[in-house]
Amino acid sequence: MDQKILSLAAEKTADKLQEFLQTLREDDLTNLLQNQAVKGKVAGALLRAIFKGSPCCEEAGALRRRKIYTYCIQLVESGDLQKEIASEIIGLLMLEAHHFPGPLLVELANEFISAVREGSLVNGKSLELLPIILTALATKKENLAYGKGVLSGEECKKQLINILCSGRWDQQYVIQLTSMFKDVPLTAEEVEFVVEKALSMFSKMNLQEIPPLVYQLLVLSSKGSRKSVLEGIIAFFSALDKQHNEEQTGDELLDVVTVPSGELRHVEGTIILHIVFAIKLDYELGRELLKHLKAGQQGDSTNNLSPFSIALLLSVTRIQRFQDQVLDLLKTSVVKSFKDLQLLQGSKFLQNLVPHRSYVSTMILEVVKNSVHSWDHVTQGLVELGFILMDSYGPKKVLDGKTIETSPSLSRMPNQHACKLGANILLETFKTVQRLLKAVQPLLKVSMSMRDSLILVLRKAMFANQLDARKSAVAGFLLLLKNFKVLGSLSSSQCSQSLSFSQVHVDVHSHYNSVANETFCLEIMDSLRRCLSQQADVRLMLYEGFYDVLRRNSQLANSIMQTLLSQLKQFYEPKPDLLPPLKLEACILTQGDKISLQEPLDYLLCCIQHCLAWYKNTVIPLQQGEEEAEEEEAFYQALDDILESITNRMIKSELEDFELDKSADFSQSTSIGIKNNICAFLVMGVCEVLIEYNFSISNFSKNKFEDILSLFMCYKKLSDILNEKAGKAKTKMANKTNDSLLSMKFVSSLLTVLFRDSIQSHQESLSVLRSSSEFMRYAVNIALQKVQQLKETGHVSGPDGQNPDKIFQNLCDITRVLLWRYTSIPTSVEELGKKEKGKSISLLCLEGLQKIFSAVQQFYQPKIQQFLRALDVTDKEGEEREDADVSVTQRTAFQIRQFQRSLLNLLSSQEEDFNSKEALLLVTVLTSLSKLLEPSSPQFVQMLSWTSKICKENSREDALFCKSLMNLLFSLHVLYKSPVILLRDLSQDIHGHLGDIDQDVEVEKTNHFAIVNLRTAAPTICLLVLSQAEKVLEEVDWLITKLKGQVSQETVSEEASSQTTLPNQPVEKAIVMQLGTLLTFFHELVQTALPSGSCVDTLLKDLCKMYTTLTALVRYYLQVCQSSGGIPKNMEKLVKLSGSHLTPVCYSFISYVQNKSKSLNYTGEKKEKLATVATAMARVLRETKPIPNLIFAIEQYEKFLIHLSKRSKVNLMQHMKLSTSRDFKIKGNILDMVLREDGEDENEEGTASEHGEQNKEPAKKKRKK
């Protein structure tokens, strides 16, 4: 039968073939076809013959063709055919699809859709036909019966796609179904159907199947719906990241089983690569990505940004066309996020309205963490972003060694955070040189060639021309010495080596390695000895590093100490009677006219002293009875003898012996002056080193304490001379203080024995030191210097100065002593018997406490609980368990009460006895401590109430104290509730004290706050309240911007609008309430007779901001009033209030300012100096400059009110009295008067008067008629 069909098909005409096929039953044909196909024979030729004999022009032929077509599809899906045969059949079916009439194409398409929805497909091979069928259907022009209606081919195709996308898709065919649509001509609406369906399938697929599906979606996006594709991908992986991070399962949105972090990151990395590749081929996709993510800038940027989207953006930076745009977007988002954080953290008002948010900085650091999973394409963008943030927001100028902050004060903190984020990105992305050296240490232990190479590199660097290269070489050598332990070295818990696998392997032969290490370390020591002939900075680095080396590698002690002793002998006078004991001249290098320090002798002695003390206390006690120990002990005794000799002879030496008496030249402009300054600092440094040395060996000997006091007097004489000389010369040296060489541990111990030691046997010797108030003040001053150094650099000089734990412990000890001293002996008591000049010890202790509280919060925030517990001197070990339950807030409140009592005692004194410095420090301490209180706690409320009471009941005329106290009140108040009512009360007080702009009006004094008086009302408190009002306006403006962003992202439909406007009502109400109360605040101030200067200028600018914010609110209601059906009643009331209580008095205030400037210009004092006149005119110009801006802001507000009235059908302008026209003509009579006055002056004065006229006229032009 098959041969007959084939032979008939070979004939020129198909008539006989048609006749023969009509005689056959349907089953005969299908069975024949199945047999041929399964056997792998001529199935293709047979199928072509059957189609040839079944023309679509005949009904019977068309039906036969359709049945064979359907059967072939089933045959292919069965999986019984060979791959080649199945492909051949599919190819033939593709060619024949276009010959089918429209109704049969609809039937075939429906069969496919039913198979997909029912899940009856076996291998999905036949799906390749569906796009051909749909495409063929779309080309049919005739109307086709579909359902109960009649549709065109294009409409049928659309309906079929809709049905297909609304039905169930089997997980294994999602990729194939999505892929097939790229071959179908689709409208934008149809593309949207397909994209939405494919995106909805993400949650039902295995994670590894998503990347190929994303690829197909990106290919499909070339037809449209780019935005939907990108939004869907980003939303899915952002949600998946969030779920993964929270380690939650069973999320309704996602059915994906929790996967290992590495697998998820690799999948995300693959998808990011797919998207970037697609953007390279289709730039429109890249523009859509940026457009989508930029949309979040209108409202809440974190809605669209996530770690995944940020990683995607960073990868896109590799495409040059988008690099700058992406980095600008990320930079803007980072700063905006930090500004939002600053606003939210500083305002309870905003915290109540805005939910907790995630921040861009956290997301970026998460991207850095995720980038280790082969995200090389992200790393380049991260590095660029890190540098851009540091470059854009870091310090801009360096002048005389000081950084100048160029950004405005309000944005300084966000900028600093942005710069710090940039540094963190780079630090986390790359490993430092030190880590690299630590990483190669195990290799250095087994690879002699690598060790030799490294030593060669460091040696070359040690003799390089650049100073930094030499210092790097020293740092590298010291690092090696610390980590290559010699056999017999003591283990140090805080300095133990970190062992990697390779180190453990090497240490199997520990004896051999230790011996090899010793040789290696001695070789390095030999190299380092050569550094002792180099610049002072290189030597200094070596002296500072030897102590750490000694502690970690104690077997190198002899080599190190011998090296140090050999160096010291070059500058030591061995003859016991020779004064002074040190050769200072040899420490100074003279090259022509240039004088510089060559040997930092004080640091050399400091290094010897610390190494000697550590060795005697740690090593020698463990070597009792050993022969070598006795020899070593003799050597260290010799060092002790040298230090003892230097001490005795330094005490005997006079300043004349150093040629440093009062008659010596200390100017910075002469060579001898520079030399004397260097020598003076060396002598002072040596004195400090010897003070610490003698204290460490004193064992509370009275004689040693007398020596310490003598050394201090030598130090003080030189210090006084330098300060006196620098003060007279008015040079920069007047404010410069060298870092003290005293260690922080010693300072802590010294303060403890001076102020807290009550052991009876110590009292006689301690009385020597306690008898000198100057020495005690010096000890406290050094503690202050150490804390200041910590605040500025994050570490302190001296041993353990880089160890955060040791520094923290010393801080706790110092704070406990200073706190006890300040609270036990009040400043007022101490100053009664004080004879010396300068600050009292109690005041210095308070200053130290203020610095320490600030430093602890800056560097030791996680240890606040431990710090506060250390301050509680009543703590006992038995109470430790109960004490652990005491919160930070409770401990802080206890400390706060002590300082509150001190401040109350100060305020109880008379005005003339009021110690403003101490009061200012106390308020600063209270401000610092109040930051540790939980704002929701009763202790915080008590602190706020107490501060408010102080401000209400105490009247002081000291401006700095008043400003500090009011700042504390505001800082507390904003964390409790909005300060607008407080601002209104203060404005009434200011108005009452300063009077009204209309002299005929008598203002009733309210006296809400006694701290507001005639002396402090302006400019101090006036500027403070205006600054706070500006912050409130900033918060309100931020909320309005957020609302506008939400509105712009809403759907235009009425349903969406009605659903989304309800959540905004509390925010809208809060905004109106804030502005309403703030409006009454400005109503008071704008009628106040403020003095000329900054108050008037700031008020005019803030009024302009007030109107700008009101305009922003009106424009927001212009957006939403149509969908919400009008504007709220409280908004109408706000507009009415602005029209009755603000705008009229604003114009009156403008007239007041202009009249005041007129009186300043024309007082008739013609004999004033030209400079005085010019200064006055400049001030007038500065004050009147904001007036045009304010008038413009008022007019803009009224303009948009008119628009809102029309749109809302509410007459808002009935409450507004429109401003009358202002005259901008030159007034001839005034001009004549000015010219007549000018004619009486000299030509030079006449020129100045001409400028005065130019300055005056604009002010008169802006007057309200």
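These numbers were taken from a predicted model, which means no experiment stands behind them. (Residues numbered from 1 in each chain as written. Predicted model: local features only at pLDDT ≥ 70, side-chain atom pairs only at ≥ 80, totals over all residues. Heavy atoms only, no water.)

Peer 1: Mind showing me how you'd approach the overall build of the protein chain here?
Peer 2: When its secondary structure is counted, the protein chain shows 55 helices and six strands. The buried share of the protein chain, taken over its 1265 residues, is 52%. The contacts of the protein chain with a sequence gap of at least 6 include a subset with a gap of at least 24, amounting to 75%. (Helix = DSSP H or I, 4+ residues; strand = E, 2+ residues; numbered from the N terminus. Buried < 20%, exposed > 50% of the residue type's maximum accessible area, 1.4 Å probe, protein only. Contact = heavy atoms within 4.5 Å.)

Peer 1: Whenever I open this one, the pattern of salt bridges confuses me. Can you help?
Peer 2: Where charged atoms of side chains with opposite charge meet at close range, the side chains can pair. One pass over the full model with this rule turns up 23 salt bridges. The shortest N-O distance in the salt bridge between aspartate 800 and arginine 551 comes to 3.1 Å. A residue pair is termed long-range when its members are at least 10 positions apart, and aspartate 800 in the loop between helix 35 (773-793) and helix 36 (804-824) and arginine 551 in helix 27 (residues 536-552) qualify at 249 residues. Judged by its relative accessible area of 9%, arginine 551 is buried. (Salt bridge = Lys/Arg side-chain N within 4 Å of Asp/Glu carboxyl O.)

Peer 1: Would you mind showing me how to read the nonpolar core here?
Peer 2: Nonpolar side chains in soluble globular proteins generally cluster together in the buried interior. Counting residues in each nonpolar core, the largest one holds 344 residues, and the members touching the most others are Phe899 and Phe1082. When residues in this core are grouped by element, the largest group, 17 residues, is from helix 49 (residues 1094-1124). Sequence-distant contacts of phenylalanine 899, defined by excluding residues within four places in its chain, comprise Leu819, Tyr822, Leu846, Leu849, Phe853, Leu922, Val925, Leu926 and Leu929. (Core = buried A, V, L, I, M, F, W, Y, C linked by side-chain atoms within 4.5 Å.)

Peer 1: Just to check I follow, could you spell out helix 50 (residues 1129-1141) for this structure?
Peer 2: The periodicity of an α-helix, 3.6 residues per turn, causes residues three or four places apart in sequence to face the same way. Between its terminal C-alpha atoms helix 50 stretches 18 Å, which fits the 18 Å expected from 13 residues at 1.5 Å a residue. Of the positions making up helix 50, those classed as buried are Met1131, Glu1132, Leu1134, Val1135, Ser1138 and Gly1139. Looking down the long axis of helix 50, one finds its buried residues gathered within 160 degrees of arc, a one-sided arrangement. Among the exposed residues of helix 50, those pointing more than 90 degrees away from its buried face are Lys1129 and Lys1133. (Expected span 1.5 Å × (residues − 1). Arc of directions from axis to C-beta.)

Peer 1: How do you make sense of the packing of aromatic side chains when you look at a structure like this?
Peer 2: Each aromatic ring pair is specified by the distance between its two centres and by the angle formed by the two planes. This model, assessed by the stated rule, comprises 23 aromatic pairs. Aromatic side chains tyrosine 822 and phenylalanine 899 sit 6.4 Å apart centroid to centroid with 25 degrees between the ring planes, which places their arrangement in the stacked category. Of the two residues, tyrosine 822 is situated in helix 36 and phenylalanine 899 in helix 41 (residues 888-907); the sequence distance between them amounts to 77 residues. Take tyrosine 822 and phenylalanine 899: they sit in the same class, and that class is buried. Clustering of aromatic rings is evident, with ring pairs tying together Phe808, Tyr822, Phe853, Tyr860, Phe867 and Phe899. One cation-aromatic arrangement involves arginine 956 over phenylalanine 914; the distance from NZ or CZ to the ring centre is 4.6 Å. (Phe/Tyr/Trp six-rings, centres within 6.5 Å; stacked < 30°, edge-to-face > 60°. Lys NZ or Arg CZ within 6 Å of the ring centre and 35° of its normal.)

Peer 1: Could you clarify how one ought to interpret the pairing of strand 5 (residues 588-591) in this entry?
Peer 2: Regular strands place their side chains on alternate faces of the sheet. Judged from the four bridges that link them, strand 5 and strand 6 (residues 594-597) form a sheet pairing that is antiparallel. Pairing of glutamine 591 across the sheet is with lysine 594, part of strand 6. Hairpin connection between strand 5 and strand 6: a loop of two residues separates the two successive antiparallel strands, and glycine 592 in this loop has a positive phi of roughly 70 degrees. (Pairing = 2+ DSSP bridges.)

Peer 1: What's the story with the confidence of the model for the protein chain in this structure? I'm lost.
Peer 2: Fine structural detail should not be taken from predicted coordinates in areas where pLDDT scores are low. The predicted model of the protein chain has a mean per-residue pLDDT of 78, with 72% of residues at 70 or higher. By mean pLDDT, helix 25 (residues 501-506) is the weakest element of the protein chain at 34, and helix 43 (residues 938-953) is the strongest at 95. Taken as a whole, residues 397-411 scores under 50 in pLDDT and shows 17 contacts with residues more than four places along the chain or in a different chain. Taken as a whole, residues 732-736 scores under 50 in pLDDT and shows six contacts with residues more than four places along the chain or in a different chain. (pLDDT = per-residue confidence, 0-100.)

Peer 1: Mind showing me how you'd approach the packing of helix 33 (residues 744-755) against helix 35 here?
Peer 2: Two numbers describe how helix 33 lies on helix 35: the axes approach to 10 Å, and their chain directions differ by 140 degrees. Taken as a pair, helix 33 and helix 35 cross one another with a handedness that is left-handed. In this structure, helix 33 contributes Met744, Val747, Leu750, Leu751, Leu754 and Phe755 to the contact, and helix 35 contributes Phe775, Met776, Ala779, Val780, Ile782, Ala783 and Lys786. Along the lines of polarity and charge, the residues of the contact of helix 33 with helix 35 split into 12 nonpolar, no polar and one charged. (Axes fitted to C-alpha atoms, helices over the stretch in contact; angles between N-to-C directions. Left-handed = near helix turned anticlockwise from the far one by under 90°. Nonpolar A, V, L, I, M, F, W, Y, C, P; charged D, E, K, R; others polar.)

Peer 1: I would appreciate a short explanation of unusual backbone geometry in the present structure.
Peer 2: Glycine aside, negative phi is the norm for most residues, and most peptide bonds take the trans geometry. For the bond running from leucine 579 to proline 580, omega is -10 degrees, close enough to zero to count as cis. As for its placement among the helices and strands, proline 580 is situated in the loop between helix 28 (557-569) and strand 5. Geometrically, the link from alanine 1018 to proline 1019 is a cis peptide bond, its omega value of 5 degrees lying close to zero. By the secondary structure assignment, proline 1019 is in helix 46 (residues 1017-1049). In this model, serine 225 sits at a positive phi of 60 degrees, which is unusual for a non-glycine residue. Mapped onto the secondary structure, serine 225 falls in the loop between helix 12 (210-220) and helix 13 (226-246). A positive phi angle, near 50 degrees, is found at asparagine 699, a position not held by glycine. One can find asparagine 699 in the loop between helix 31 (671-698) and helix 32 (702-729).

Peer 1: It is not clear to me how the environment of asparagine 110 should be interpreted in this structure. Could you clarify?
Peer 2: With respect to the element layout, asparagine 110 can be found in helix 7 (residues 102-118). Distance in space between the C-alpha atoms of asparagine 110 and isoleucine 163 is 9.3 Å, their sequence separation being 53 residues.

Peer 1: Would you explain the state of the cysteines in this entry?
Peer 2: Disulfides are covalent bonds that link the sulfur atoms of two cysteine residues. The full count for this structure, using the stated rule, is zero disulfides. No disulfide involves cysteine 611; its sulfur sits 4.0 Å from that of cysteine 607, the nearest cysteine. The class of cysteine 611 is buried, set by a relative accessible area of 0%. (Disulfide = S-S within 2.5 Å.)

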